[in-house]
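Observations on the model geometry
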Amino acid sequence: MQEISLVQLFEDHRDKLELSWELAVGANRRIGLKESGNYGADVVGHMNLIHPERLQVIGPAEIAWLNRVSPTQFANQVGALIAAQPPALIVADGLPVPEPLRDICHTTQTPLLTSVKPCAAVIDLLRIYLSRRLADTTSVHGVFMDVLGMGVLITGDSGVGKSELALELISRGHGLVADDVVELARIAPTTLEGRCPGMLQDYLEVRGLGLLNIRTIFGETASRRKMKLKLIVYLQKPVTGVDAPRLPLDAQTQDILGVPIRKVVIPVAAGRNLAVLLEAAVRNTILQLRGIDSMQEFISRQQKALVLDEDL
């Protein structure tokens, strides 16, 4: 299970959210996903008695409610909330912390933080942050590129020419995200984000040339920090006696972390310009995402022509 320490979250957002410790007792607590299928956004939100295990953010509405209820109800409701051991309570909007709330947190050793930022801004920023830090992750072998603004994972057997294709794409103005090892994280139910391990950042290995620093050779615009994965391009070596289909009628997909990703298979052969073919595959995928499917349009045109022939 992916986890992050409360101290790390505080350090990462001390300046952005102007966080400060009101009570640092229990600051060694860790934030994680308690149920499978959840996302980082599920572990932070407004003060919630139904989901008391979340990182609780308290704003003007919650403070007004706490000040409105009786001392007994205050103790019962907040006590039930604290009993679930939320990672911490954050009082936002620069509001003063109610003394009864501070007392309960001190008694139960519950971390209490404050922020001058609006409650909604605190929740939005922490949800984005936790969605990435607590996301399901995996590593895949291939070259991850930014081609025409789309994240493309180039895969295939060793020696098929993935790095050489990536180098040609970079020379044509596209960007490199990662070579050899690509770290993928599911940051949303249908979204995968790919990054490069820090050790390999900006480097591309090409047989005969060794390691190339793409950022140094081609400039700052040749390297990308991250991209969302939208297309997998598989480079297929020629197999003796087996011909690749000329017109693949069924759209192919590949599941990664439970997310289906569009897949295109490009046969490798002498004389084929793989960079042009990959760019065409990306452009066609962009059209498909916009609802324009060239293959289906051609099939529809053919069926209409057959109907006209029968009528004649």
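Here the structure is shown first, and the text comes after it.
Conventions and cut-offs
Residues numbered from 1 in each chain as written. Predicted model: local features only at pLDDT ≥ 70, side-chain atom pairs only at ≥ 80, totals over all residues. Heavy atoms only, no water. Core = buried A, V, L, I, M, F, W, Y, C linked by side-chain atoms within 4.5 Å. Buried < 20%, exposed > 50% of the residue type's maximum accessible area, 1.4 Å probe, protein only. Helix = DSSP H or I, 4+ residues; strand = E, 2+ residues; numbered from the N terminus. Contact = heavy atoms within 4.5 Å. Phe/Tyr/Trp six-rings, centres within 6.5 Å; stacked < 30°, edge-to-face > 60°. Lys NZ or Arg CZ within 6 Å of the ring centre and 35° of its normal. Axes fitted to C-alpha atoms, helices over the stretch in contact; angles between N-to-C directions. Parallel < 35°, antiparallel > 145°, perpendicular 65-115°, else oblique. Nonpolar A, V, L, I, M, F, W, Y, C, P; charged D, E, K, R; others polar. Expected span 1.5 Å × (residues − 1). Arc of directions from axis to C-beta. Polar contact = N/O pair within 3.5 Å; in protein donor to acceptor, adjacent residues only side chain to side chain. Salt bridge = Lys/Arg side-chain N within 4 Å of Asp/Glu carboxyl O. Pairing = 2+ DSSP bridges. Left-handed = near helix turned anticlockwise from the far one by under 90°.

Structural notes on the nonpolar core
Formed by 27 residues in total, the largest nonpolar core has its most connected members in Met145, Val152, Ile154 and Leu278. Put simply, the parts of the chain that give this core at least two residues each are strand S8 (136-147), strand S9 (150-156), helix H6 (162-171), strand S12 (203-206), strand S14 (226-236) and helix H8 (274-289). For this core, the leading source of residues is H6, giving five residues. If sequence neighbours within four positions are ignored, Val152 has contacts with Val143, Phe144, Met145, Val147, Leu231, Val233, Leu278 and Val282.

What about the packing of aromatic side chains?
Applying the stated rule across the entire model yields one aromatic pair. Taking 4.8 Å as the distance between ring centres and 35° as the angle between the ring planes, the aromatic pair formed by Phe10 and Trp21 counts as tilted. You can see Phe10 sitting in helix H1 (residues 6-13) and its partner Trp21 sitting in strand S2 (residues 19-23), a full eleven residues away along the chain. Residue Phe10 is classed as buried on the basis of its relative accessible area, which comes to 4%. Note that Lys263 overlies the ring of Tyr234, its terminal NZ or CZ placed 5.1 Å from the centroid.

Some details on the packing of H6 against H8
At a minimum axis separation of 9 Å, H6 and H8 run at an interaxial angle of 75°. Compared by their axis directions, H6 and H8 come out roughly perpendicular. The segment H6 lies against H8, with Leu165, Glu168 and Leu169 engaging Leu274, Ala275, Leu278 and Glu279. By residue class, the composition of the contact of H6 with H8 is five nonpolar, no polar and two charged.

So, H8
Its 16 residues give H8 an end-to-end C-alpha distance of 22 Å, which sits within 8% of 22 Å, the value for a rise of 1.5 Å per residue. Of the positions making up H8, those classed as buried are Leu274, Ala275, Leu278, Glu279, Ala281, Val282 and Thr285. The buried side chains of H8 occupy one side of the element, clustering within an arc of 155° when seen end-on. Between a side-chain oxygen at the N-terminus of H8 and the backbone nitrogen of Ala275 the separation is 3.3 Å; the capping residue is Asn273. Note on H8: the residue one or two positions beyond its end, Gly291, has a positive phi of about 90°.

What to know about unusual backbone geometry
Of note in the backbone geometry, Gln85 takes a positive phi value of approximately 55° without being a glycine. Positionally, Gln85 belongs in the loop between helix H3 (71-83) and strand S6 (89-91). Take Gln85: its relative accessible area is 56%, and that puts it in the exposed class. The residue Asp180 is not glycine, and still its phi comes out positive at about 75°. On the secondary structure map, Asp180 appears in strand S10 (residues 175-188). With relative accessibility at 33%, the residue Asp180 sits in the partly exposed group.

Brief notes about the pattern of salt bridges
All chains considered together, the criterion is met by 13 salt bridges. Arg30 serves as the salt-bridge partner of Glu3, at 3.1 Å between the closest nitrogen and oxygen. With a gap of 27 residues between them, Glu3 in strand S1 (residues 3-5) and Arg30 in strand S3 (residues 30-32) connect regions that are remote in the sequence. Glu11 is paired through a salt bridge with Arg14; the nearest N and O atoms lie 2.8 Å apart. According to the relative accessible area criterion, Arg14 is partly exposed, its value standing at 37%.

Observations regarding the side chain of Asp202
With respect to the helices, strands and loops of the structure, Asp202 is situated in the loop between strand S11 (191-195) and S12. Excluding its chain neighbours within four sequence positions, the residues that come into contact with Asp202 are Leu176, Leu212, Asn213, Ile214, Arg215 and Ser223.

As for the pairing of strand S7 (residues 112-115)
Because side chains alternate across S7, one face comprises the buried residues Leu112 and Thr114, and the other comprises Leu113 and Ser115, equally buried. Relative to S7, S2 is paired through four bridges, and the arrangement is antiparallel. Counterpart to Ser20 in the pairing with S7 is Thr114. By the bridge criterion, three bridges tie S6 to S7 in an arrangement that is parallel. In the sheet register, Val91 faces S7, and the bridge partner there is Thr114.

Observations regarding the packing of H1 against helix H5 (residues 119-133)
Two numbers describe how H1 lies on H5: the axes approach to 12 Å, and their chain directions differ by 125°. Here H1 is positioned oblique relative to H5, judged by the angle of their axes. Taken as a pair, H1 and H5 cross one another with a handedness that is right-handed. Of the residues in H5, those in contact with Gln8, Leu9, Asp12 and His13 of H1 are Leu125, Leu126, Tyr129, Leu130 and Arg133. In terms of residue class, the contact of H1 with H5 is built from five nonpolar, two polar and two charged.

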